[in-house]
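Residue-level structure breakdown
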Amino acid sequence: MKKLYGEERRNVLLDELKQAGRPMTGSALAKLAQVSRQVVVGDMTLLKAKGEPIIATSQGYLYLDPSGNKQVSRRIACNHLPQETEAELRLLVDCGVTVKDVSIEHPIYGELTAGIHVSTPLDVDLFMQRIRDTGASYLLELTEGTHIHTITADFPETLAKAVEAMKQHGYLLEEAE
């Protein structure tokens, strides 16, 4: 493929994200368009500013098709130590839910939310490896372990099963509105 420029490049990247149906790294998109990863970061920012439902996850950029989303979601308030994060995420995905994001209430900035988008044990492995590779901190470290997850599933019963498992393991504080 030849090097792409401007709007044409952004359209190709958008089409690629839509067709992928999974997160794509900035590096993979950069290789496709024959540009730097930083150019892709700028392109994603411009596409999001135009209203495209693109989110940045720990696995890469993801296009969220609002018309195809028939899942149910629930926000749950949690608390645990940083070293329990992997166990918490595994517990949730083993119940059949997707952990969409994590949010905290910051005293200065208000609610801070970061996309996680883990649905399988492999997703959890990749997320945890990325944490280890980058040395990044968990948001929950800013709030002594308190955080909120948005979880999604195909059925309300699946969400209820996950909430019950979180209660049994002592991770659940209360349900958030």
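Residues numbered from 1 in each chain as written. Predicted model: local features only at pLDDT ≥ 70, side-chain atom pairs only at ≥ 80, totals over all residues. Heavy atoms only, no water.

Domains assigned within the chain are domain 1 (6-63) and domain 2 (72-169). The C-alpha centroid of domain 2 is placed 25 Å from the C-alpha centroid of domain 1. With 6 residues of domain 1 at the contact, the number on the domain 2 side is 7 residues. Here domain 1 is connected to domain 2 by 0 residue pairs in polar contact (both at pLDDT 80 or more). Considering each element in turn, the side of domain 1 that touches domain 2 owes the most residues, 3 residues, to strand S1 (residues 54-57). The residue inventory of the side of domain 1 that touches domain 2, partitioned by class, reads 3 nonpolar, 3 polar and no charged. (Domains from an automatic or database assignment. Contact = heavy atoms within 4.5 Å. Polar contact = N/O pair within 3.5 Å; in protein donor to acceptor, adjacent residues only side chain to side chain. Helix = DSSP H or I, 4+ residues; strand = E, 2+ residues; numbered from the N terminus. Nonpolar A, V, L, I, M, F, W, Y, C, P; charged D, E, K, R; others polar.)

Take the packing of helix H1 (residues 6-20) against helix H3 (residues 37-49) next. Close contact between H1 and H3 brings their axes to 10 Å; oriented N to C, the two are set at 80°. In terms of their interaxial angle, H1 and H3 are classed as roughly perpendicular. Across the interface between the two elements, Arg9, Arg10, Leu13, Leu14 and Leu17 from H1 touch Val39, Val40, Asp43, Met44, Leu46 and Leu47 from H3. Taken together, the residues of the contact of H1 with H3 break down into 8 nonpolar, no polar and 3 charged. (Axes fitted to C-alpha atoms, helices over the stretch in contact; angles between N-to-C directions. Parallel < 35°, antiparallel > 145°, perpendicular 65-115°, else oblique.)

In this structure, Gln34 takes a positive phi of about 60° despite not being glycine. Within the secondary structure, Gln34 is located in the loop between helix H2 (26-33) and H3. For Gln34, a relative accessible area of 41% puts it in the partly exposed group. Its identity as a non-glycine residue notwithstanding, His117 has a phi of 50°, on the positive side. Residue placement: His117 occurs in strand S5 (residues 110-118). His117 gets classed as buried once you look at its relative accessible area, which sits at 13%. (Buried < 20%, exposed > 50% of the residue type's maximum accessible area, 1.4 Å probe, protein only.)

Residues Ile76, Leu92, Val118, Ile151 and Met166 are the most contacted members of the largest nonpolar core, which totals 27 residues. Elements represented by at least two residues in this core include exactly strand S3 (72-79), helix H4 (85-94), strand S4 (98-106), S5, helix H5 (121-134), strand S6 (146-153) and helix H6 (156-168). Examining the composition of this core, we find that 5 residues originate from one element, H6, more than from any other. Once you skip the residues sitting within four places of it in the chain, Met166 turns out to touch Ile76, Cys78, Glu88, Leu91, Leu92, Tyr171 and Leu172. (Core = buried A, V, L, I, M, F, W, Y, C linked by side-chain atoms within 4.5 Å.)

Our next topic: the pattern of salt bridges. Enumeration over the complete set of coordinates arrives at 7 salt bridges. Put simply, Glu86 and Arg90 hold a salt bridge, and the shortest N to O gap is 3.1 Å. Taken together, the residues Glu86 and Arg90, both in helix H4 and 4 residues apart, mark about one turn of the helix. The partly exposed category is assigned to Glu86, whose relative accessible area is 26%. Residue class for Arg90 comes out partly exposed when judged on its relative accessible area of 24%. A salt bridge links Asp125 to Arg90, with the nearest nitrogen and oxygen atoms 2.0 Å apart. A residue pair is termed long-range when its members are at least 10 positions apart, and Asp125 in helix H5 and Arg90 in helix H4 qualify at 35 residues. On the basis of relative accessibility, which here comes to 33%, the residue Asp125 falls in the partly exposed class. (Salt bridge = Lys/Arg side-chain N within 4 Å of Asp/Glu carboxyl O.)

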